[in-house]
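# Working through the structure, step by step
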Amino acid sequence: MVDETPLHEDDVMLAEPPVEEGRPDDRIDDERMDEENNLKPEFVRAVADALEDEDAQAVYDLVEPLHPADIADLIELMDKEDRAVLAASITDLMSGEVIAELNDHVREDMMEALPAEAVAQIVEQLETDDAVQLIEDLDEADQRAVLAEIELEDRIAIQSALAYPEETAGRLMSRELVAVPEHLTVGDLIDYLRDSSDLPDEFYEIFVVDEKHHPVGTCALSWIMRAPRAIPLADVMKRDQTLIPVTLDQEEVGLMFQKYNLISAAVVDENERLVGQMTVDDVVHIISEEAGEDALLMSGAGDGDINEPIREAYSARVRWLVANLGTALVASLIIAMFGAAIEQLVALAVLMPIVASIGGNAGTQTMAVTVRAIATNQLTRSNTRRILWREMRVALLNGATVATLVGIATALIFTPQLGGVIALAMVINVAIAGSAGVLVPVGFDRLGQDPAVASSVFVTMITDSMGFFAFLGLAVASGIVG
């Protein structure tokens, strides 16, 4: 029988958090970590020297006090050929936590170097979502070999996750959760949580399901601890909840967590049955990954990962440089059209890069704002015209300001007429840049393409070409040159 006598607050003692013996929480350590909580170069060199001397015990002694995330950082900081040697020197420290924290490319290299049995042992230490992330990077033959070494229950869970498309909730969700029927009381639930040996290590909410395993509500642990035992769960659970389809893209998952301030959320299959959950720690990684990915795609830098193989980095970047070469030829052809005018007045050659450069910067600013607005669902079909008009007004104000400055300077150095020409060309090009910075990303989005991928190439082409055309065309039209 459970003793329900209320405790006086003086009788309640706060337990000190357990400290794992031999593993002090010393990440902020003068010998190993700097003020930014990064491993010091001196410490990394000490480990490298011990590896070079083949002193495995010295390596182990140096690495053993580190937090798993810091061990992962240390492995990434080592040369590629030293990583496997380091891992072999600290075998029992290479926990699932360390593997989960490793950079994708580094983890893939290390997993390929290990036998299937060793990889399977690491996989079995991980939560399902981390295990899936590890195995999905292996080639098909290695995946089969590793899965053959894993227990049947874990193997089925991983294989079912791999059946979903990449970067969807089905791939990323955790299958470790607490789900209970709605007919229980608070006391029944507390007893179940105390007695069950098959619960996740950490969880934030309890999902309440009906007889068909459809989620009908959630209960926060804080509610359960405060509610009287006799109250039915149906009276304390929150019925309104955000359900995430298994096929939902990870970027949309991140937006849902941001919009609704979620800590965790149920993931449901096509039949609305509860199959997993997404938690905020997973979403933090998603948001960080998506933000970095969009920034890198806009620059054409591919993954932008310093651990990415050289061949992959070359392949990702060179195609956009070739595309830029093609768009640059368009601007060159426009300059060639006005070759005779430039020969008559060298000042045109001096000033025309200014017009193109300012237009390019203005277009890039607007494009960055637009791509972010599309990614965060702030820009939709409902407000595209309003956003376009807003950015046009901003562009005209910016263009007028810069045009005034450059026009006055040009008038003082060259002639007032040329100052007026460059000022008008500047306003025209910045206005075009503002509209292109919105319309190009929106156009890609309407076509079902990622607006971050190729927008910069086309926006740059438009601002350069129109900048040269506006300036040189106005110079000829005004009669400055024949």
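The coordinates are above.
The model shown is predicted, which means the values in this text are computed figures rather than measured ones.

## Describing the overall build of the protein chain
If you tally the helices and strands in the protein chain, you get 22 helices and 6 strands. For 482 residues, the compact-globule formula gives about 23 Å, and the C-alpha radius of gyration of the protein chain, at 30 Å, lies well above that figure. Counting only C-alpha atoms and orienting by the principal axes, one finds that the protein chain spans roughly 100 × 65 × 50 Å. Within the protein chain, the proportion of its 482 residues that are buried is 41%. Considering only residue pairs separated by 6 or more positions, the protein chain has 65% of its internal contacts joining residues 24 or more positions apart. Roughly 26800 Å² of accessible area belongs to the protein chain as shown, and the carbon and sulfur atoms make up 55% of that amount.

## Some details on empty space enclosed by the protein
If you roll a probe as big as a water molecule over the atoms, it shows you where there is empty space left. Taken as a whole, this structure holds 1 cavity of 30 Å³ or more when the rule is applied. If you trace the largest cavity, you find it lined by Ile 99, Ala 100, Arg 107, Leu 126, Asp 130, Gln 133 and Leu 134. When residues of the lining of the largest cavity are assigned to their parent elements, the largest contribution, 3 residues, is made by helix H8 (residues 128-136). Partitioned by chemical class, the residues of the lining of the largest cavity number 4 nonpolar, 1 polar and 2 charged.

## Remarks on the sheet that holds strand S4 (residues 243-245)
The sheet built from 3 strands is open, its strands ordered S4-S5-S6 with mixed pairing. Because the sheet does not close on itself, it has two edges, and the strands there are S4 and strand S6 (274-279). Direction aside, the axes of adjacent strands within the sheet are offset by 40 degrees on average. In terms of strand pairing, strand S5 (residues 264-268) meets S6 through 5 bridges, oriented antiparallel. Directly across from Ala 266, in S6, lies its bridge partner Gln 277. Where helix H15 (residues 250-260) meets the sheet, it contacts S4, S5 and S6, and its direction lies at approximately 170 degrees from that of S4.

## What about the sheet that holds strand S1 (residues 179-181)?
As summarised here, the arrangement of the 3 strands in space is S1-S2-S3, forming an open sheet in which the pairing is mixed. Because the sheet does not close on itself, it has two edges, and the strands there are S1 and strand S3 (215-220). On average, each strand axis in the sheet is inclined to that of its neighbour by 35 degrees, with strand direction left out of account. Across 5 bridges, strand S2 (residues 205-209) lies against S3 in antiparallel orientation.

Conventions and cut-offs
- Residues numbered from 1 in each chain as written.
- Predicted model: local features only at pLDDT ≥ 70, side-chain atom pairs only at ≥ 80, totals over all residues.
- Heavy atoms only, no water.
- Helix = DSSP H or I, 4+ residues; strand = E, 2+ residues; numbered from the N terminus.
- Rg over C-alpha atoms; globule rule 2.2 N^0.38 Å.
- Buried < 20%, exposed > 50% of the residue type's maximum accessible area, 1.4 Å probe, protein only.
- Contact = heavy atoms within 4.5 Å.
- Areas by Shrake-Rupley, 256 points an atom, 1.4 Å probe, with all protein chains shown as cover.
- 1 Å grid on protein atoms, 1.4 Å probe; cavity = no way out; pocket = protein on both sides within 12 Å on 5 of 7 lines; lining within 4 Å.
- Points joined across faces, edges and corners; volume = space filled by probe spheres on them.
- Nonpolar A, V, L, I, M, F, W, Y, C, P; charged D, E, K, R; others polar.
- Pairing = 2+ DSSP bridges.
- Axes fitted to C-alpha atoms, helices over the stretch in contact; angles between N-to-C directions.

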